[in-house]
Amino acid sequence: MKRRNFISAVGATAAIGSLSSCSNSEKNCSTDTATKQKVIKWKMVTTWPKNFQGLGEGAEFLARIINEMSGGRLNVKVYGSGELVPALQTFDAVSSGTAEMGHGASYYWKGKMPSAPFFTTVPFGLNATEIQGWLLKGGGYELWRELYQPFGVRPYTVGNTGVQMAGWFNKKIKSLEDIKGLKMRIPGLGGEVLDRAGGTPVLIPGGEVFTALETGAVDAAEFVGPYNDLAMGLYKAAKYYYYPGWHEPGTTAEAIINQEAFDALPEDLQMIVEQACHAASLDMQAEFTAKNNSALQVLINEHQVQLLKLPDDVLIKLRKISEQVVEDIANNSEIGKRIFKSYNAYKKQVRSWHAISEYAYNDSLRLSD
Ligand code: CA
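Let me sum up the structure you'll find in this document. (Residues numbered from 1 in each chain as written. Predicted model: local features only at pLDDT ≥ 70, side-chain atom pairs only at ≥ 80, totals over all residues. Heavy atoms only, no water.)

1. Here we look at the overall build of the protein
Turning to step 1, where the next piece is worked out: A tally of regular secondary structure across the protein gives 14 helices and 11 strands.
Turning to step 2, where the next piece is worked out: In the protein, which comprises 369 residues, the proportion classed as buried is 50%.
Turning to step 3, where the next piece is worked out: Taking the intrachain contacts of the protein between residues at least 6 apart in sequence as the baseline, contacts between residues at least 24 apart amount to 77%.
Turning to step 4, where the next piece is worked out: Accessible area for the protein stands at about 17700 Å²; split by element, carbon and sulfur atoms hold 53% of it.
Turning to step 5, where the next piece is worked out: Within the protein, the 39 negative side-chain charges are centred at a point lying 3 Å from the centre of the 38 positive side-chain charges. (Helix = DSSP H or I, 4+ residues; strand = E, 2+ residues; numbered from the N terminus. Buried < 20%, exposed > 50% of the residue type's maximum accessible area, 1.4 Å probe, protein only. Contact = heavy atoms within 4.5 Å. Areas by Shrake-Rupley, 256 points an atom, 1.4 Å probe, with all protein chains shown as cover. Lys, Arg positive; Asp, Glu negative; His and termini not counted. Charge placed at Lys NZ, Arg CZ, Asp CG, Glu CD.)

2. A few points about unusual backbone geometry
With glycine set apart, most residues show a phi of negative sign, and most peptide bonds adopt trans.
Turning to step 1, where the next piece is worked out: Of the consecutive residues tyrosine 243 and proline 244, the connecting peptide bond is found in the cis state with omega at -5 degrees.
Turning to step 2, where the next piece is worked out: Inspection of the secondary structure assignment puts proline 244 in the loop between strand S9 (240-243) and strand S10 (252-258).
Turning to step 3, where the next piece is worked out: Even without being a glycine, asparagine 51 presents a positive backbone phi close to 60 degrees.
Turning to step 4, where the next piece is worked out: With respect to the secondary-structure elements, asparagine 51 resides in the loop between strand S1 (40-46) and helix H3 (55-69).
Turning to step 5, where the next piece is worked out: Phi at phenylalanine 124 is positive, roughly 60 degrees, even though this residue is not glycine.

3. Brief notes about the coordination of the calcium ion
By definition of the ideal shapes, a tetrahedral metal site with four donors has angles of 109.5 degrees and an octahedral site with six donors has angles of 90 or 180 degrees.
Turning to step 1, where the next piece is worked out: Distances from the calcium ion to its protein donors, Gln164 (OE1), Glu222 (OE), Glu222 (OE), Phe223 (O) and Glu248 (OE), fall within 2.2 to 2.9 Å.
Turning to step 2, where the next piece is worked out: Using a relative accessible area of 4% as the deciding quantity, one classes phenylalanine 223 as buried. (Donors = N, O, S within 2.8 Å, 3.2 Å for Na, K, Ca; no water.)

4. A closer look at the sheet that holds strand S4 (residues 153-160)
Turning to step 1, where the next piece is worked out: On the basis of which strands lie adjacent, the open sheet formed by 5 strands has the order S2-S1-S3-S10-S4 and mixed pairing. One side of each edge strand has no neighbouring strand; the edge strands of this open sheet are strand S2 (74-79) and S4. For this sheet, the mean inter-axis angle between neighbouring strands, taken without regard to orientation, is 25 degrees.
Turning to step 2, where the next piece is worked out: For S4 and S10, the ladder comprises 7 bridges, and the chain directions are antiparallel. From the neighbouring strand, asparagine 160 faces S10, where its bridge partner is threonine 252.
Turning to step 3, where the next piece is worked out: Relative to S2, H3 is tilted by about 165 degrees, and along the sheet it contacts S1, S2, strand S3 (101-104), S4 and S10.
Turning to step 4, where the next piece is worked out: Contacting S4 and S10, helix H5 (residues 128-137) runs over the sheet at an angle of about 155 degrees to S4. (Pairing = 2+ DSSP bridges. Axes fitted to C-alpha atoms, helices over the stretch in contact; angles between N-to-C directions.)

5. A closer look at helix H12 (residues 312-330)
Turning to step 1, where the next piece is worked out: An ideal rise of 1.5 Å per residue puts 27 Å on 19 residues; H12 measures up with 27 Å between its terminal C-alpha atoms.
Turning to step 2, where the next piece is worked out: In this structure, the buried residues of H12 make contact with helix H7 (188-196), strand S11 (306-309) and helix H13 (334-355). (Expected span 1.5 Å × (residues − 1).)

6. Looking at the nonpolar core
Turning to step 1, where the next piece is worked out: Ranked by size, the top nonpolar core spans 112 residues in total, and within it Leu62, Phe118 and Trp134 carry the most contacts.
Turning to step 2, where the next piece is worked out: A total of 10 residues in this core trace back to one element, the largest contributor, which is helix H11 (residues 267-301).
Turning to step 3, where the next piece is worked out: When sequence neighbours within four positions are dropped, the list of residues in contact with tryptophan 134 reads Phe118, Phe119, Leu126, Gly139, Gly140, Tyr141, Leu143, Ile339, Ser342, Tyr343 and Tyr346. (Core = buried A, V, L, I, M, F, W, Y, C linked by side-chain atoms within 4.5 Å.)

7. What about the pairing of S3?
Turning to step 1, where the next piece is worked out: A two-sided burial pattern is seen for S3, the buried positions comprising Met101 and His103 on one face and Gly102 and Gly104 on the other.
Turning to step 2, where the next piece is worked out: Pairing geometry for S1 and S3, over 3 bridges, is parallel. Bridge assignment links valine 45 to a residue of S3, and that residue is glycine 102.
Turning to step 3, where the next piece is worked out: Direction of pairing for S3 relative to S10: antiparallel, over a ladder of 4 bridges. Note that in S10 the partner of histidine 103 across the bridge is alanine 255.

8. Quick look at the sheet that holds strand S5 (residues 167-169)
Turning to step 1, where the next piece is worked out: The 6 strands lie next to each other as S7-S6-S8-S5-S9-S11, forming an open sheet whose pairing is mixed. The open sheet has two edge strands with one neighbour each: strand S7 (200-202) and S11.
Turning to step 2, where the next piece is worked out: Bridge count for strand S6 (residues 183-185) against S7 is 3 bridges, and the pairing is parallel. Note on S7: the bridge partner recorded for methionine 184 is proline 201.

9. A look at the pairing of S2
Turning to step 1, where the next piece is worked out: Strand direction decides the pairing type here: S1 and S2, joined by 6 bridges, are parallel. Residue lysine 41 lies in a different strand from S2, and its bridge partner there is asparagine 75.
Turning to step 2, where the next piece is worked out: The parallel pair S1 and S2 is bridged by H3, and the resulting crossover is right-handed. (Right-handed = clockwise from strand over helix to strand, strands pointing away.)

10. Overview of helix H6 (residues 140-148)
Turning to step 1, where the next piece is worked out: Turning to H6, its buried residues number three or more, namely Gly140, Tyr141, Leu143, Trp144, Leu147 and Tyr148. All buried residues of H6 project into a common sector of 160 degrees when viewed along the axis, lining one side.
Turning to step 2, where the next piece is worked out: On the buried face of H6, the contacting elements are helix H4 (90-96), H5, S4, S10 and H13. (Arc of directions from axis to C-beta.)

11. Describing the packing of aromatic side chains
Turning to step 1, where the next piece is worked out: Taken as a whole, this structure holds 20 aromatic pairs when the rule is applied.
Turning to step 2, where the next piece is worked out: Ring centres of phenylalanine 118 and tyrosine 343 lie 5.3 Å apart, and the angle between their planes is 65 degrees; this geometry places the pair in the edge-to-face category. Of this pair, phenylalanine 118 sits in the loop between S3 and H5 while tyrosine 343 sits in helix H13, and the two are 225 residues apart along the sequence. Exposure class is identical for phenylalanine 118 and tyrosine 343. Each is buried. (Phe/Tyr/Trp six-rings, centres within 6.5 Å; stacked < 30°, edge-to-face > 60°.)

12. Structural notes on the environment of alanine 221
Turning to step 1, where the next piece is worked out: As for its placement among the helices and strands, alanine 221 is situated in strand S8 (residues 220-221).
Turning to step 2, where the next piece is worked out: Counting along the chain gives 141 residues from alanine 221 to asparagine 362, while the straight-line C-alpha distance between them is 29 Å.
Turning to step 3, where the next piece is worked out: Filtering out sequence-adjacent residues up to four positions away, alanine 221 remains in contact with Gly167, Trp168, Met184, Arg185, Val209 and Leu213.

What follows is the structure, encoded as structure tokens:
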């Protein structure tokens with residue numbers, strides 16, 4: 001006991017001594033105590049409106065748990081889209097160091113990296129649980145990091161919306177002919193598919209979708225699913241709500257971090273950031289699962305939204321176009337080919353397993369006596 005008291009007494013003296021010398025000269029303030037107490041301030045820019053349901057809230061949740069897990073040593077401040085930089089400049093802002101961190105989705109950066117959508121979602125691709133398996137345990141994450149590495153950006157998965165909705169339309173889609181000439185807000189590779197089907201895809205950030213649809217700047221729009229679409233009031237601007245979201249079967253949200261800012265963190269804070277991303281990922285996926293179904297009931301019962309399923313032959317044709325689009329995008333670059341190869345090999349394996357587990361179970365729910 002005596003020895004322990006002596007050590008802590010010496011420690012306390014040393015800490016007090018170093019703190020008092022810090023107050024005399026801040027420049028010499030390099031003791032362990034000072035390092036541990038130093039507050040690092042980060043800015044997080046996002047592609048979502050401030051506090052937007054599920055996604056913007058996901059960014060806030062991530063920042064809050066980093067702050068709390070680090071005991072306030074790493075203070076992350078969230079900026080909604082347009083507050084510091086426009087939504088679609090999030091990646092550039094993190095790459096240049098204007099912000100240390102970003103929150104969005106990789107498919108927004110396909111103009112810069114054509115194979116980036118593989119890490120968000122691709123049409124008729126992996127669902128939420130499947131893409132988590134590929135990213136975290138199937139080799140996807142290593143390729144994602146390699147893709148962003150030349151930009152000095154480090155990616156993390158921070159959530160998933162699950163299967164989205166096909167979108168909001170003001171005319172019925174009875175055949176692929178009805179898509180011809182259609183101007184639609186649809187990002188990622190889904191937009192490429194729409195283009196090849198004869199439509200005109202438009203990339204508009206989430207916060208501007210309602211205005212674009214209401215003013216007729218676009219004929220149709222997809223955003224996420226009932227939870228977000230209800231909050232955004234999209235039911236006021238279109239009559240028909242189509243499913244399923246063939247173009248986004250398991251959309252992954254990303255956190256991106258400036259590599260130099262990450263490297264400058266002490267190891268324990270690096271681990272806190274990484275584990276906070278895992279926690280945020282689980283939280284967001286659970287939130288979408290829980291809230292989409294209650295929002296769907298509000299849309300149907302209170303707002304009389306007409307829910308319609310895309311015809312089978314439209315889905316079959318879109319799937320065929322999608323397969324070609326995904327392959328073409330992958331063939332654009334050497335890394336794209338490797339990403340495609342890894343994704344496809346994993347998809348084949350996971351689907352043969354899910355055919356006798358998840359999908360077989362889902363089928364059993366539709367059986368009647
Ligand atoms: Ca979407």
